[in-house]
Amino acid sequence: MSKRTRRTAPAPGAARPTVTVCRGCCCGTAKVPGLDHAAQLRDLRRKLDGSATVRVTDCLNACEHANVIVVQPSAAGRESGARPVWLGLVNDPDATTDITDITDITDITDITDWIEAGGPGITDPPGVLDLSAFRPSRRVQAELHED
C-alpha cells in the first residue's frame with residue numbers, strides 16, 4: 001500500500017457527533033454567574049441522549065468565551081468536510097432564543113436542535129449559533145491536535 005493511499009484512506013469516526021463541555025477554571029464555575037451549571041450539563045445530556053455523545057473536559061484554554069462547548073462532527077459530517085465547531089458564551093439560564101444580552105447569546109435548545117438534526121457537516125446551524133462560534137488560538141488547536 002502506498003503512502004498516499006494510507007493517508008487518504010477514511011479514518012474511523014464516531015457514528016454520531018461528540019459534544020465536549022468545558023468545565024475547567026472558568027466554565028462551569030461561579031466565574032460565570034447566574035447559571036445553574038449542573039442543570040445546564042444535565043439538560044444537555046438529557047436532550048442529546050441517543051443523538052450525540054456528551055463528555056466533560058477540564059479547561060479548554062478559551063476562558064474569555066466561557067462557557068465553551070465544542071461540537072465535533074459525526075463520521076458522515078467529517079466526510080463532508082466538517083471540522084469541530086467551538087461555541088462560546090453558552091450562558092443562557094432560561095434556554096430561550098431571544099437575544100437580550102450579548103453575554104448570553106447561545107442556549108442549549110439551539111445547540112441540541114442542531115445536533116439532533118445531524119450537526120456539523122450534515123445540517124446548517126441556526127443563525128444564532130454564528131454569533132457564538134469562534135476559532136481557538138493556534139496554540140490551543142495544536143494542543144488539541146486539530147487542523
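A short tour of the structure in this document, coming up. Computed from a predicted structure; not experimentally measured.

## Notes on helix H2 (residues 37-48)
- Taking 1.5 Å per residue as the helical rise, H2 with its 12 residues ought to reach 16 Å, and the 17 Å between its terminal C-alpha atoms agrees with that figure.
- What H2 keeps buried is the set His37, Ala39, Gln40, Leu41, Leu44 and Leu48.
- As for H2, its buried residues are in contact with strand E1 (18-22), strand E2 (53-57), strand E3 (69-72) and helix H4 (108-116).
- The backbone nitrogen of alanine 38 lies 3.3 Å from a side-chain oxygen of the residue at the head of H2, namely aspartate 36.

## Quick look at the side chain of threonine 112
- Tracing the chain through its elements places threonine 112 in helix H4.
- In contact with threonine 112, other than residues within four places in its own chain, are Leu44, Lys47 and Leu48.

## Some points on the packing of aromatic side chains
- Throughout the structure, instances matching the rule amount to one aromatic pair.
- Relative to phenylalanine 134, the ring of tryptophan 86 has its centre 5.8 Å away and its plane inclined at 70°; by these criteria the two rings are edge-to-face. With tryptophan 86 in strand E4 (residues 85-87) and phenylalanine 134 in strand E5 (residues 133-134), this residue pair connects regions lying 48 residues apart in the sequence.
- Here tryptophan 86 falls in the buried class, since its relative accessible area comes to 3%.
- Using a relative accessible area of 14% as the deciding quantity, one classes phenylalanine 134 as buried.

Conventions and cut-offs
Residues numbered from 1 in each chain as written. Predicted model: local features only at pLDDT ≥ 70, side-chain atom pairs only at ≥ 80, totals over all residues. Heavy atoms only, no water. Helix = DSSP H or I, 4+ residues; strand = E, 2+ residues; numbered from the N terminus. Expected span 1.5 Å × (residues − 1). Buried < 20%, exposed > 50% of the residue type's maximum accessible area, 1.4 Å probe, protein only. Contact = heavy atoms within 4.5 Å. Polar contact = N/O pair within 3.5 Å; in protein donor to acceptor, adjacent residues only side chain to side chain. Phe/Tyr/Trp six-rings, centres within 6.5 Å; stacked < 30°, edge-to-face > 60°.

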